[in-house]
Amino acid sequence: MALITTLLMSVVLLMMLITLVKAVTTQDYLTRGQHDSVAALYVAESGLADVMSHLEIDGNWRDGFNGESMQNRPGKYWVKFFEGSGSVPDDASINNISGSSARPGPRGRVVPRGAALIVVTARVGAAQRQLEAIVNSAGVINVEYPLMTSGSIELRGAVTIDGIHSLRGYERVAAGIHSNARSLSGPTIRWVPEDSSDKATITGKVSAVDPRTIGVGIDFGPDSSRYDVGAFERSAAQRAFPGMGDIERQVNLHASAPPPTIQPAGTTTLPTGDYHQSGDLTVSGDLVLDGGELFVDGDLTINGGISGQGAIWASGKVTFRGDSTLQSTEKAAVMSKKGVNLLGFDGEDYMENFAESDPEVRVLWDATKQTLAETEELLQSTEPASVVGSGGPLDLQIRKLGYHPDNPEAPIPVVNPEDALVGGNYLGKLEAKLAAQSEGESRDFMMRKLAGYRDFFSANTDQPDETAANQFIHRPRVSPGAFDAVVNAGRTDALSKLMVQVSNLSYAKAGSSYFQGIIYTNGHFFAANSVTTLGAIMVDGRGREGSEPNPLNPAESFRPGQLVMRQGANMTFVEEFFEDGDNALRIRGPVQVRTWASR
Amino acid sequence: MALGIVAMAILALVTGFIGAIEMNARSVETAVASQVGRDFLERVNEFGYENVPEGSYVFNGAANDPQTAEGFPPAPYPRVEANGQTHSLTVKVSTKGATLKVIVVEVTCGKRGRASFETYLYPGFSVS
């Protein structure tokens, strides 16, 4: 009996033990499964991050992943892009980033233009997770003000800031300026009229985080009749800058792109594609962005005009010298880590760079400068009568610079670069050298300048020397044959006037900037010429220290976030550029998740 | 004989019971460790891509390896009390390609509890 009881009890205990072990192993299994399920979600997110990193570099990337292993832990992910037509499989991804219209996606989803729907399947052990996300490669920039800074704003001259909803209509929208700066020694936002006719018209708010009273923090001067502003607001809330990503990182990401082919003078055109330049880049001549994106790991200087559609990314400063015209149906973006300068065109710099590419130009250009210097010395001679007259020292000098049919020294075929000097007419020869370059505004401007000076130093052939000399004395200017006429007529009384003209020879022009799109910098913004902008200028210097010198006046420096416009501003905020739609301004940047869901 | 059978049964019962308890404890510790690991990765997402160091690093919470100047790894690194146990975190950072930062977190608790997760970070991307 005892044995039977013992056996029965043992059986009961054994059953309880088996039940306990089973319950515990089931719980352990579920715990493991839960762990793997969580791990699989992170693997799926990793797969999505990996897709985004590929799309950032190539918006048309469609290779996908087929069981891509994680780097350190167990787990794999799959991403399959669907290219065909017809019904889209449930686990398929659709890349519609460069598409022109919406496309159908899996499970009846619609993939908007400019976006990609990514489905990532991830497995860890027995656990499988799937997530889908819609991502943008080229983001619409969310801009609230056409002009916004993290530092001070200084505007001089006539200022007009207004806004329209669309370039195709007349619907007006208010447009203002804003500064996030506070606690500056001077005004946070200052407008200074340069002459009696200058006015400031700003249809929106002029707002600053600065709590100081209007007139101190925001200073538009004592005469309120000079400005028409929507409203002034002090102690305003901090405004968020658009998320443009890290400019330096974008430049580094495109380090494998080919370098741009830069023309030594004339026009450089960058067709659609990415271009990367290691180190500083100087473009002498005009730059046309024909859909190209230029990434510069250093400073970019364009001594000439810029036009077209595309984007410029520079880890250093961007300096435009001359006319900047980025416009038409095109919209461009200039992104600079250290600052943007809009300056006048520097013809001497242009010619120096041109001379670097052509030994003949080098010889002619150096000889031109030397001849001009020697001419200036002769014009200051203490014995003026000794330098004038046909065949005299001044006459010999100007034979070098201009065209003189009576010059006994005839040009010879150029074998060595120095041969180009024979026969004089250096300016005419430089002009011919430029004419052989590709067309462009800067080249044409330089040719006009050289032609004007060449004519000034060339032989007077139109009228008697005495008549032409008298005309020059009456109205001193760089006119054809004037120098020759004065010298041949022996008019020593006009040498000082010639001196003024020669010493003021300049190959520069003030330039103007017309920009359609967005300029964004983490440094400063400085415009020495007049600026017309359809779009926005964002100067976001947060977190950056140091300063950059004013390229025109090294005694002055600009801090990150500071905006200075010295010749007025004419800005029109185009609302539709910054709203999702067909006319939105989209720039490359970090790919962003618009929506996501775990399946 | 009955005594022998009872003794054997009790022995088997005790052995099985101890094993079950240990397995249960491990299961609970793994579950808690998983939660700690998950919490940590959520904090990393909030912490931001920019503040995660670039390159290869190991931060051993058990050895009290210091955080970076930016404060990475964020709490609950180096260790946290959860469910009456101390959980130590080991965080490994590396890179994948030009952009992605790879984070591996291993959470250990007692002798048996262990959870490990790996994720890739992309700038501005946080879906969690």
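Residues numbered from 1 in each chain as written. Chains lettered and ligands numbered in written order. Predicted model: local features only at pLDDT ≥ 70, side-chain atom pairs only at ≥ 80, totals over all residues.

## Some remarks on the overall build of chain A
Then, number 1: From N to C terminus, chain A includes ten helices and 35 strands.
Then, number 2: Here chain A, with 599 residues, has 48% of them falling under the buried criterion.
Then, number 3: In chain A, the proportion of contacts linking residues at least 24 apart, taken out of those at least 6 apart, comes to 59%. (Helix = DSSP H or I, 4+ residues; strand = E, 2+ residues; numbered from the N terminus. Buried ≥ 20, exposed ≤ 12 C-beta atoms within 10 Å, placed from the backbone. Contact = placed C-beta atoms within 7 Å.)

## Description of the overall build of chain B
Then, number 1: On a plain count of helices and strands, chain B comes out with one helix and five strands.
Then, number 2: Taken across its 128 residues, chain B has 39% of its residues classed as buried.
Then, number 3: For chain B, contacts bridging at least 24 residues in sequence account for 56% of all contacts bridging at least 6.

## Comments concerning the environment of S557(A)
Then, number 1: Among the structural elements, S557(A) can be located in strand β32 (residues 553–558).
Then, number 2: Not counting chain neighbours up to four residues away, the residues in contact with S557(A) comprise S547(A), E548(A), P549(A) and N550(A).

## Side note on the nonpolar core
Then, number 1: Membership of the largest hydrophobic core comes to 78 residues, with the highest contact counts inside it found for I177(A), I312(A), W313(A) and M335(A).
Then, number 2: The element best represented in this core is strand β30 (residues 530–539) of chain A, accounting for six residues.
Then, number 3: Look past the residues within four positions of I312(A) in its chain and what remains in contact with it is L294(A), L300(A), V318(A), V334(A) and M335(A).
Then, number 4: Membership of the second largest hydrophobic core comes to 59 residues, among which are A133(A), V44(B), L121(B) and Y122(B). (Core = buried A, V, L, I, M, F, W, Y, C linked by C-beta atoms within 7 Å.)

## Description of the interface of chain B and chain A
Then, number 1: Between chain B and chain A, the contact holds 40 residues from the first and 39 residues from the second.
Then, number 2: Counting only elements with at least two residues in the side of chain B that touches chain A, the list comes to α1 (2–47), β3 (85–96), β4 (100–109) and β5 (113–121) of chain B.
Then, number 3: With 18 residues, α1(B) is the single largest residue contributor to the side of chain B that touches chain A.
Then, number 4: In the side of chain B that touches chain A, the residues fall into 24 nonpolar, eleven polar and five charged. (Nonpolar A, V, L, I, M, F, W, Y, C, P; charged D, E, K, R; others polar.)

## Digging into the sheet that holds strand β20 (residues 300–303) of chain A
Residue and element names in this part refer to chain A.
Then, number 1: With parallel pairing, the nine strands of this open sheet are ordered in space as β15-β13-β9-β33-β29-β25-β22-β20-β18. Two strands lie at the open edges of the sheet, namely β15 (218–219) and β18 (281–284), each paired on one side alone.
Then, number 2: In this structure, strand β29 (residues 524–527) lies alongside strand β33 (residues 563–565), joined through three bridges in parallel fashion. If you follow F526 over to β33, its bridge partner there is V564. (Pairing = 2+ DSSP bridges.)

## A look at helix α5 (residues 393–401) of chain A
Residue and element names in this part refer to chain A.
Then, number 1: Summarising burial for α5: seven of the nine residues are buried, a large majority.
Then, number 2: When we look at burial in α5, the residues that qualify are L394, D395, Q397, I398, R399, K400 and L401.
Then, number 3: Those residues of α5 that are buried are in contact with α4 (359–379), α6 (426–435), α7 (441–457) and α9 (482–488).

## Some points on unusual backbone geometry
Then, number 1: That bond from F72(B) to P73(B) is cis: its omega, -5°, falls within 30 degrees of zero.
Then, number 2: Of the consecutive residues A75(B) and P76(B), the connecting peptide bond is found in the cis state with omega at 15°.
Then, number 3: As for its position among the elements, P76(B) is in the loop between β1 (57–60) and β2 (79–82).
Then, number 4: Its identity is not glycine, yet R107(A) carries a phi of approximately 55°, on the positive side.
Then, number 5: Here R107(A) shows up in the loop between β4 (103–104) and β5 (110–111).

## Thoughts on the confidence of the model for chain B
All names here are of chain B.
Then, number 1: Looking at chain B, pLDDT values average 85 and 93% of them are 70 or higher.
Then, number 2: Within chain B, α1 has the poorest average pLDDT of any element, 84, and β1 the best, 94.
Then, number 3: Scored by ipTM, the complex comes to 0.90, with pTM at 0.66. (pLDDT = per-residue confidence, 0-100.)

## Some remarks on the pairing of strand β2 (residues 76–81) of chain A
Each regular strand displays side chains that alternate between the two surfaces of the sheet.
All names here are of chain A.
Then, number 1: With four bridges joining them, strand β1 (residues 65–69) and β2 adopt antiparallel strand pairing. Paired with N66 across the strands is W78, a residue of β2.
Then, number 2: Linkage of β1 to β2, two consecutive antiparallel strands, is achieved through a turn of six residues, within which G75 is found at a positive phi near 140°.
Then, number 3: Of the strand pairs in this sheet, β2 and strand β3 (residues 92–96) are connected by two bridges, and their pairing is parallel. Looking at the pairing, K80 lines up with A92 of β3.

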